[in-house]
Amino acid sequence: MIFVLRLKEPAQINPELSAKQEVTETKAEKGKLGKRVFLYVGINFFVMITAVPVMTGMSTLVADRGLGDSTTVALILTICQAGGILTGLILGKFVSVLRRFSMPVALFVQGLGIFGCLAGQNLAMICIASLVSGIGTILVSSLSATYCGQSTSKETIALATSVLMISTQCANFLSSYYIVLAQSLFGSMFRTDVECAYFLSSVLYVIVIILTLVFNVNPKPVDQNQFA
């Protein structure tokens, strides 16, 4: 009873302020994602579903080519992650220099890394390819996230980011099915399923890079009024 009696009175609510807040919340709810957001979500999904086999299939690749043991695999994967860390240091300069060609070049870097994993026959080549792949993965995912934010209204940036993250998780889940699909298509050409996945990815990257060069995928200036 004493505790209740000592509680302070709640602050008085300003009716005008409350009405304005309701209007703002209603506009935020009505905000819709920009159309180009789904383009970047698709690019992010594609890159992630092709990047996961590089990580999960490396042990199979190393064992098949007799390049080492589990310690060697750990080294290669560490180098791949180090590539992602290095990307943070060069991303700003990368975009400022390449501008319109930022996304195609980022895709090229990732595709080159995956192809290097397929073509590399010694540990040094696999390590370099893994480093390049790590750089390419973070380049594309970072650009996709940035472009998503630039292609939608302020109220829906959080939603766009959530959709982007969902695409990443879906890619992680579906990557094993992607490997199975690649093996069913090219199983007669390679000894392991991950090599089939690397080959399919290399072919797809050529197609996607050409498309991003032909069609400008950079975000267009957004008129916030169109989302109201």
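Cut-offs used in this document
Residues numbered from 1 in each chain as written. Predicted model: local features only at pLDDT ≥ 70, side-chain atom pairs only at ≥ 80, totals over all residues. Heavy atoms only, no water. Helix = DSSP H or I, 4+ residues; strand = E, 2+ residues; numbered from the N terminus. Buried < 20%, exposed > 50% of the residue type's maximum accessible area, 1.4 Å probe, protein only. Contact = heavy atoms within 4.5 Å. Areas by Shrake-Rupley, 256 points an atom, 1.4 Å probe, with all protein chains shown as cover. Bend = angle between axes of the 7 residues up to and from the residue. Axes fitted to C-alpha atoms, helices over the stretch in contact; angles between N-to-C directions. Parallel < 35°, antiparallel > 145°, perpendicular 65-115°, else oblique. Left-handed = near helix turned anticlockwise from the far one by under 90°. Nonpolar A, V, L, I, M, F, W, Y, C, P; charged D, E, K, R; others polar. Core = buried A, V, L, I, M, F, W, Y, C linked by side-chain atoms within 4.5 Å. Polar contact = N/O pair within 3.5 Å; in protein donor to acceptor, adjacent residues only side chain to side chain.

Draft legend 1. The overall build of the chain, seen in detail. Scanning the chain for helices and strands turns up nine helices and zero strands. Beginning at the N terminus, the succession of helices and strands in the chain can be written as α-α-α-α-α-α-α-α-α. Out of the 228 residues belonging to the chain, those deemed buried represent 40%. Counted over contacts in the chain with a minimum sequence separation of 6, partners at least 24 positions apart contribute 80%. When the accessible surface of the chain is split by element, carbon and sulfur atoms take 67% of a total near 13200 Å².

Draft legend 2. Structural view of helix α5 (residues 70–98). Ile90 marks where α5 bends most, by close to 55 degrees. For α5, the set of buried residues is Thr72, Val73, Ile76, Cys80, Gly83, Gly84, Thr87 and Phe94. At its buried positions, α5 is contacted by α3 (35–56), α4 (58–64), α6 (102–119) and α7 (123–150).

Draft legend 3. Examining the packing of α3 against helix α8 (residues 157–186) more closely. Packing of α3 against α8 leaves a shortest axis separation of 7 Å and a crossing angle of 40 degrees. With respect to α8, the axis of α3 lies oblique. Where α3 crosses over α8, the two elements pack in a sense that is right-handed. For the pair formed by α3 and α8, the contact residues are Val37, Tyr40, Val41, Asn44, Phe45, Met48, Ile49, Thr50, Val52, Pro53 and Thr56 on the first element and Ala160, Val163, Leu164, Ser167, Thr168, Cys170, Ala171, Asn172, Leu174, Ser175, Tyr178 and Ile179 on the second. Broken down by class, the residue content of the contact of α3 with α8 amounts to 16 nonpolar, seven polar and no charged.

Draft legend 4. Local environment of the nonpolar core. Core analysis: the largest hydrophobic core is formed by 38 residues, its most contacted members being Met58, Met103, Leu107 and Tyr198. Sorting the residues of this core by element identifies α3, α4, α5, α6, α7, α8 and α9 (193–214) as the ones contributing at least two each. With nine residues, α7 is the single largest residue contributor to this core. When residues no more than four places from it in sequence are discounted, the contact partners of Leu107 are Ile43, Val47, Val140, Tyr205, Val208, Ile209 and Thr212.

Draft legend 5. Quick peek at the environment of Gly57. Mapped onto the elements of the fold, Gly57 is located in the loop between α3 and α4. For the pair Gly57 and Val73, spaced 16 residues apart in sequence, the C-alpha to C-alpha distance is 9.8 Å. In this structure Gly57 touches Val194 and Tyr198, once residues within four positions along its chain are discounted.

Draft legend 6. Broad picture of the packing of α8 against α9. At a minimum axis separation of 8 Å, α8 and α9 run at an interaxial angle of 90 degrees. As the angle between them shows, α8 and α9 are arranged roughly perpendicular. On α9, the residues that touch Tyr178, Ile179, Ala182, Gln183 and Phe186 of α8 are Asp193, Cys196, Ala197, Phe199, Leu200, Ser201 and Leu204. Of the residues in the contact of α8 with α9, the class split is nine nonpolar, two polar and one charged.

Draft legend 7. The arrangement of the side chain of Ser202 in detail. Examined against the element boundaries, Ser202 turns out to sit in helix α9. For Ser202, a relative accessible area of 11% gives the class buried. A distance of 2.8 Å separates a polar atom in the side chain of Ser202 from the backbone oxygen of Tyr198. In this view, Ser202 contacts Ile114 and Phe115; residues no more than four positions away in its chain are not counted.

Any link to function would need more than the numbers given here.
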